[in-house]
Amino acid sequence: MSLEVMLNAAGLAFVVAGARWHQADGQVVFLFILAMAAAEVAVGLALVRQIYERFRSLDADALSEMRG
Amino acid sequence: MELAFYIAGAVAVIATFLMLTRVNVVHALLYLIVSLLAVAVVFYTLGAPFVAALEVIVYAGAIMVLFVFVVMMLNLGEHGVELEKQWLTPGIWTGPALLAGILIIEVFYLVRGGTAGLATGAVEPKEVGIALFGPYLIGVELASMLLLAGLVGAYHLGFRKVEKPEIQYGRYTAERRAAASGNPVLAGTDQLARTP
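This text gives an overview of the structure that appears in the document. What you see is a predicted model; the values in this text were computed from it and never measured.

## Observations regarding the environment of Gly-101 of chain B
All names here are of chain B. Structurally, the position occupied by Gly-101 is in helix H5 (residues 90-112). Given a relative accessible area of 25%, Gly-101 falls into the partly exposed group. C-alpha of Gly-101 to C-alpha of Ile-7: the two residues are 94 residues apart in sequence and 12 Å apart in space.

Written out as structure tokens, the structure is:
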């Protein structure tokens, strides 16, 4: 969710820059950010669900299966 | 115009801050939705109506529904029901509702003013489309491939191995309906007579 906020902030910066110089490029880049966020959310939530199925917990400290 | 921009910006900042400081996931999600709507209003006041509409439809509509769905899905069972009752008490949604109400009033005033609010160098959707499918065509193709990869990845990760074969009822519809004495609802279930 914090990732979404950060992506939104980046998109806002692009749109503001596009509005400042009256260019459509800023909005185009925002569309790309939107598509990227959608793909990332889909994969991320699938991962979260998988972790929950496997460990019955979303605590990141519980995911200590790797030995290192 | 200026005032609308600053109000929407303030709402966005406040909602985002409240979202980051919430302990409960669903409360944070409510504030995040309000934050996204506020950013959409900011886009509108900046003269980017196309992006504002997309922000509402895609971000606040699709992505946030996905979030809420997964968060709710992870809390199955009676424990989850109790939790949801606890989450949606009136005290919780008043904060987001208040901020969203400010935004609604603001959008109402902006829309009532017509396109006069978009006076200073608005970038029309037409220009965005021309730029998107002109010099940025390769980017569009790459985005489509990224979305396809996301789709396949989400499907693969969300796949669960079937442990026991699925029971199929109602394969012979006419027979089932006759056995259930004509009741189409019971014919589609595993019980043939209504049990009290």
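## Examining the side chain of Thr-16 of chain B
With respect to the secondary-structure elements, Thr-16 of chain B resides in helix H1 (residues 2-21). Here the side chain of Thr-16 of chain B touches Ser-35 of chain B through a polar contact of 3.0 Å, side chain to side chain. When residues no more than four places from it in sequence are discounted, the contact partners of Thr-16 of chain B are Val-5 of chain A together with Ser-35 of chain B.

## Quick look at helix H2 (residues 25-55) of chain A
Because each turn of an α-helix spans 3.6 residues, side chains separated by three or four positions end up pointing in the same direction. The first and last C-alpha atoms of H2 of chain A sit 44 Å apart over 31 residues, in line with the 45 Å expected at 1.5 Å per residue. Of the residues trailing H2 of chain A, Arg-56 of chain A is marked for its positive phi of about 55 degrees.

## Details of empty space enclosed by the protein
A water-sized probe, rolled over the atoms, reveals where empty space remains. Evaluated as defined, the whole model comprises one cavity of 30 Å³ or more. For the largest cavity, the calculated volume is near 50 Å³. Looking at the largest cavity, it is lined by eleven residues, and the ones nearest its centre are Val-15, Gly-18, Ala-19 and Gln-27 of chain A together with Val-123 of chain B. The set of elements that each furnish at least two residues to the lining of the largest cavity consists of helix H1 (2-20) and H2 of chain A. Top contributing element to the lining of the largest cavity by residue count: H1 of chain A, with three residues.

## Some details on the interface of chain A and chain B
If you look at the interface, chain A gives 38 residues, while chain B gives 45 residues. Taking both sides of the interface into account, the surface hidden between chain A and chain B amounts to around 3,700 Å²; carbon and sulfur atoms contribute 79%. Its largest share of buried area at the contact with chain B, chain A owes to Met-1, Gln-27 and Arg-49 of chain A, together 19% of the area lost on that side. For the interface between chain A and chain B, the tally reads zero salt bridges. The tally of links from chain A across to chain B stands at one residue pair in polar contact (both at pLDDT 80 or more). Broken down by element, the residue count for the side of chain A that touches chain B peaks at 23 residues, all from H2 of chain A. Counted by class, the side of chain A that touches chain B contains 27 nonpolar, seven polar and four charged residues.

## Observations concerning H1 of chain B
The first and last C-alpha atoms of H1 of chain B sit 29 Å apart over 20 residues, in line with the 28 Å expected at 1.5 Å per residue. Considered for burial, the residues of H1 of chain B that qualify are Ala-4, Ala-8, Val-11, Ala-12, Ala-15, Thr-16 and Met-19 of chain B. The arc that holds the buried residues of H1 of chain B, viewed along the axis, is 125 degrees, so those residues lie on one side. Facing away from the buried surface of H1 of chain B by more than 90 degrees, the exposed residues are Glu-2, Leu-3, Tyr-6, Val-13 and Phe-17 of chain B. For H1 of chain B, the secondary structure elements touched by its buried residues are H1 of chain A together with helix H2 (25-45) and H5 of chain B.

## As for the packing of H2 of chain B against H5 of chain B
Between two packed helices, the angle of one axis relative to the other and the distance separating the axes together describe the packing. Residue and element names in this part refer to chain B. At their nearest, the axes of H2 and H5 sit 9 Å apart, and the two run at 15 degrees to each other. When the interaxial angle is binned, H2 and H5 end up roughly parallel. As H2 runs across H5, the sense of the crossing is left-handed. Contacts between H2 and H5 involve His-27, Leu-30, Tyr-31, Val-34, Leu-37, Ala-38, Val-41, Tyr-44 and Thr-45 from the former and Ile-92, Gly-95, Pro-96, Leu-99, Ala-100, Leu-103, Glu-106, Val-107 and Leu-110 from the latter.

## Observations concerning the nonpolar core
Counting residues in hydrophobic clusters, the biggest one holds 51 residues, and the most contacted among them are Phe-43, Tyr-59, Met-64, Phe-67 and Leu-103 of chain B. Elements with a minimum of two residues in this core: H1 and H2 of chain A together with H1, H2, helix H3 (49-73), H5 and helix H6 (125-132) of chain B. Among the elements that line this core, the one with the most residues is H2 of chain B, at twelve residues.

## A closer look at the packing of aromatic side chains
Summed over all chains, the structure comprises three aromatic pairs over all chains. Geometrically, the ring pair formed by Phe-30 of chain A and Phe-43 of chain B is edge-to-face, given 5.1 Å between the ring centres and 75 degrees between the ring planes. Taken as a pair, Phe-30 of chain A in helix H2 and Phe-43 of chain B in helix H2 lie in two separate chains rather than in one. Given the relative accessible area of 0%, Phe-43 of chain B is considered buried. Relative to Tyr-136 of chain B, the ring of Phe-32 of chain A lies with its centre 6.2 Å away and its plane at 65 degrees, an arrangement referred to as edge-to-face. You can see Phe-32 of chain A sitting in helix H2 and its partner Tyr-136 of chain B sitting in the loop between H6 and helix H7 (137-158), one on each of two chains. Classification of Phe-32 of chain A by relative accessible area gives partly exposed; the value is 22%. Of the residues examined, Tyr-136 of chain B reaches a relative accessible area of 23% and is grouped as partly exposed.

About the criteria used
- Residues numbered from 1 in each chain as written.
- Chains lettered and ligands numbered in written order.
- Predicted model: local features only at pLDDT ≥ 70, side-chain atom pairs only at ≥ 80, totals over all residues.
- Heavy atoms only, no water.
- Helix = DSSP H or I, 4+ residues; strand = E, 2+ residues; numbered from the N terminus.
- Buried < 20%, exposed > 50% of the residue type's maximum accessible area, 1.4 Å probe, protein only.
- Polar contact = N/O pair within 3.5 Å; in protein donor to acceptor, adjacent residues only side chain to side chain.
- Contact = heavy atoms within 4.5 Å.
- Expected span 1.5 Å × (residues − 1).
- 1 Å grid on protein atoms, 1.4 Å probe; cavity = no way out; pocket = protein on both sides within 12 Å on 5 of 7 lines; lining within 4 Å.
- Points joined across faces, edges and corners; volume = space filled by probe spheres on them.
- Buried area = accessible area lost by both parts, 1.4 Å probe.
- Salt bridge = Lys/Arg side-chain N within 4 Å of Asp/Glu carboxyl O.
- Nonpolar A, V, L, I, M, F, W, Y, C, P; charged D, E, K, R; others polar.
- Arc of directions from axis to C-beta.
- Axes fitted to C-alpha atoms, helices over the stretch in contact; angles between N-to-C directions.
- Parallel < 35°, antiparallel > 145°, perpendicular 65-115°, else oblique.
- Left-handed = near helix turned anticlockwise from the far one by under 90°.
- Core = buried A, V, L, I, M, F, W, Y, C linked by side-chain atoms within 4.5 Å.
- Phe/Tyr/Trp six-rings, centres within 6.5 Å; stacked < 30°, edge-to-face > 60°.

No statement about biological role is implied by the geometric values presented.
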